[in-house]
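Each chain, written out:
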Amino acid sequence: MMVQCDVILTYCWNRVGYTILKSLHQKGLKVWVADTSKKNICSMSKFCSGSFVYPDPFTNEEAFISVLKDKISELKPKVLLPTHDESVVIMRHRDEFPSDLIIPYENADKLLLLANKAASTQLAKAAGVAVPEVYESAYDVKSYPVVFKTVIGNSAKGVYFPKSKEELLTLIELHHQKPTLIQEWIGGTDYSVNCVRWDGFCQTSVYHALVTKTDGGGTTTQREIVHMPQLESEAKKLLDAVDFRGVCGLDFRYAPELNKIAYIETNVRFTGGIATPVAASFDIPWVIYKLATEGKYDEPIDIRIGTRTKWILGDIITLVGRILKLKWNPKELKRVFSFSGFDAFDDFCKEDRWAIFGEFGYYLDKLIRNGKLNP
């Protein structure tokens with residue numbers, strides 16, 4: 001019997017891959033999922049047509065590419081769709097894959113440029129985008145707290161909020177071997193502009209964080225689609241300036257009491273909160289698939305403002321983290337325990353009940369192995 005495969009998804013252990021898998025499966029596509037883990041939310045989903053494992057792309061790059069090449073030769077997909085930072089590794093080896101294989105990502109150099117928080121902040125500022133003030137050293141800081149972060153990182157890893165010069169100097173010393181960035185602290189809430197830009201097509205939507213997994217922002221566990229044309233306009237300035245092509249998410253902070261917005265970073269991939277725009281009728285995986293394979297997208301996109309989604313396991317991790325740090329507030333706790341008022345869940349689908357156990361098992365394994373709830 002001939003194996004059917006339209007799309008191979010990589011980095012599929014988490015809710016992002018699961019949202020993409022559900023989206024493409026619902027459109028009738030045969031989707032194979034791949035990851036370093038054998039059991040995860042996607043491999044245990046009834047929506048996948050098959051799964052396979054590969055070596056870690058970040059520690060064993062050549063072996064990772066070799067396995068991908070072999071599976072592509074076997075399965076003959078139309079599209080290879082990276083979902084996270086492994087896209088840089090894949091695009092670095094683009095010439096080793098069949099020329100007719102569609103990989104809807106920018107070249108590795110542009111991906112790395114935009115993923116670098118210091119470089120993308122400079123690009124944003126040059127494009128006229130509002131950015132936080134950048135400090136050259138601890139001695140230039142005007143007030144605290146400030147934001148101190150490594151220029152490469154995701155899921156709030158390597159991001160700190162020192163409240164004094166002494167704390168900041170300690171962090172600088174601890175990270176002296178890595179490129180870092182010191183920025184003005186902007187209050188308010190995290191907002192993310194999800195974008196698909198492709199040869200004249202450009203569609204955006206904005207969600208804001210209701211609950212974040214870590215203090216000070218970062219990974220969201222609950223989100224809501226909002227009408228923020230100013231943020232969409234700011235995002236388009238940067239994307240136009242670099243002539244971006246593909247899927248990305250731009251993070252901003254917005255302090256309503258000051259009416260102040262500031263660009264934070266660009267995620268040159270599918271964002272962690274992709275379930276929210278998809279639930280709001282901006283079906284990003286399907287949109288990019290159609291654009292990449294047919295060069296156009298003609299279906300109407302009517303984004304529903306007020307759409308809310310929840311990452312169930314993320315809320316549990318948030319609750320545990322807050323309890324361990326003795327940091328929580330009643331309003332946030334009420335939201336964590338709430339399951340009503342959501343249009344969709346990142347990691348649960350009634351028609352696919354067993355998949356979430358793959359996610360729980362993956363996180364439990366990482367907790368046992370590494371002692372961390374943030375894989």
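Rules of the game
- Residues numbered from 1 in each chain as written.
- Predicted model: local features only at pLDDT ≥ 70, side-chain atom pairs only at ≥ 80, totals over all residues.
- Heavy atoms only, no water.
- Salt bridge = Lys/Arg side-chain N within 4 Å of Asp/Glu carboxyl O.
- Patch = residues over 30% accessible without salt bridge, like charges linked within 9 Å, V, L, I, M, F, W, Y side chains within 5 Å.
- Areas by Shrake-Rupley, 256 points an atom, 1.4 Å probe, with all protein chains shown as cover.
- Helix = DSSP H or I, 4+ residues; strand = E, 2+ residues; numbered from the N terminus.
- Pairing = 2+ DSSP bridges.
- Contact = heavy atoms within 4.5 Å.
- Axes fitted to C-alpha atoms, helices over the stretch in contact; angles between N-to-C directions.
- Expected span 1.5 Å × (residues − 1).
- Buried < 20%, exposed > 50% of the residue type's maximum accessible area, 1.4 Å probe, protein only.
- Arc of directions from axis to C-beta.
- Polar contact = N/O pair within 3.5 Å; in protein donor to acceptor, adjacent residues only side chain to side chain.
- Parallel < 35°, antiparallel > 145°, perpendicular 65-115°, else oblique.
- Left-handed = near helix turned anticlockwise from the far one by under 90°.
- Nonpolar A, V, L, I, M, F, W, Y, C, P; charged D, E, K, R; others polar.

A.B. asks: Please explain the pattern of salt bridges as it appears in this structure.
C.D. replies: Side-chain pairs of opposite charge can arise whenever the charged atoms involved come near each other. Under the defined criterion, the tally for this structure stands at 20 salt bridges. One salt bridge in this structure joins glutamate 133 and lysine 142, with 3.0 Å as the shortest N-O distance. A single salt-bridge network, built from bridges that share partners, covers Arg15, Arg223 and Asp346.

A.B. asks: Whenever I open this one, a nonpolar patch on the surface confuses me. Can you help?
C.D. replies: Taken together, the side chains of Ile316, Val320, Leu324 and Phe360 make up a nonpolar region of the molecular surface, amounting to roughly 350 Å² of accessible area. With three residues, helix 10 (residues 312-325) is the single largest residue contributor to the nonpolar patch. Note that isoleucine 316 resides in helix 10.

A.B. asks: What is the right way to read the sheet that holds strand 8 (residues 180-184) from this model?
C.D. replies: Strand pairing in a sheet takes place through backbone hydrogen bonds and is either antiparallel or parallel in direction. On the basis of which strands lie adjacent, the open sheet formed by four strands has the order 5-8-6-7 and antiparallel pairing. Only two strands of the sheet have a single partner each, and these edge strands are strand 5 (134-135) and strand 7 (159-160). In terms of strand pairing, strand 6 (residues 146-150) meets strand 7 through two bridges, oriented antiparallel. From the neighbouring strand, phenylalanine 148 faces strand 7, where its bridge partner is tyrosine 160. Running at roughly 45° to strand 8, helix 5 (residues 117-126) makes contact with strand 5, strand 6, strand 7 and strand 8 of the sheet.

A.B. asks: Looking at this structure, how should I read helix 7 (residues 229-242)?
C.D. replies: Think of an α-helix as 3.6 residues a turn; residues three or four steps apart then line up on the same face. For helix 7, built from 14 residues, the straight-helix expectation of 20 Å at 1.5 Å per residue is met to within 8% by its first-to-last C-alpha distance of 20 Å. Along helix 7, the residues that are buried comprise Leu231, Glu232, Glu234, Ala235, Leu238, Leu239 and Val242. The buried residues of helix 7 occupy an angular sector of 160° when projected down its axis, which confines them to one face. Downstream of helix 7 by one or two residues, aspartate 243 has phi in the positive range, about 50°.

A.B. asks: Explanation requested: the environment of lysine 117 in the structure shown.
C.D. replies: Relative to the helices and strands, lysine 117 resides in helix 5. Along the chain, lysine 117 and proline 277 lie 160 residues apart, while their C-alpha atoms are 24 Å from each other. Within the structure, the side chain of lysine 117 is placed 3.3 Å from the side chain of glutamate 265, a separation counted as a polar contact.

A.B. asks: Please clarify how the sheet that holds strand 4 (residues 79-81) should be interpreted in this entry.
C.D. replies: On the basis of which strands lie adjacent, the open sheet formed by four strands has the order 3-2-1-4 and parallel pairing. A single partner strand is all that each edge strand has here, and the edge strands are strand 3 (50-53) and strand 4. Sheet twist, expressed as the mean angle between neighbouring strand axes with direction ignored, is 20°. Each of strand 1 (7-9), strand 2 (31-35), strand 3 and strand 4 touches helix 2 (residues 61-75); the most contacted strand, strand 3, lies at about 155° to it.

A.B. asks: Even after reading the chapter, I still don't get the packing of helix 1 (residues 15-26) against helix 9 (residues 284-294), so can you show me in this structure?
C.D. replies: Between helix 1 and helix 9, the least distance of the axes is 8 Å, while the angle of their chain directions is 60°. On the basis of the axis angle, helix 1 is oblique to helix 9. Between helix 1 and helix 9 lies a crossing of right-handed hand. Here Ile20, Ser23 and Leu24 of helix 1 come into contact with helix 9, specifically with Pro285, Trp286 and Tyr289. A class-by-class count of the residues in the contact of helix 1 with helix 9 yields five nonpolar, one polar and no charged.

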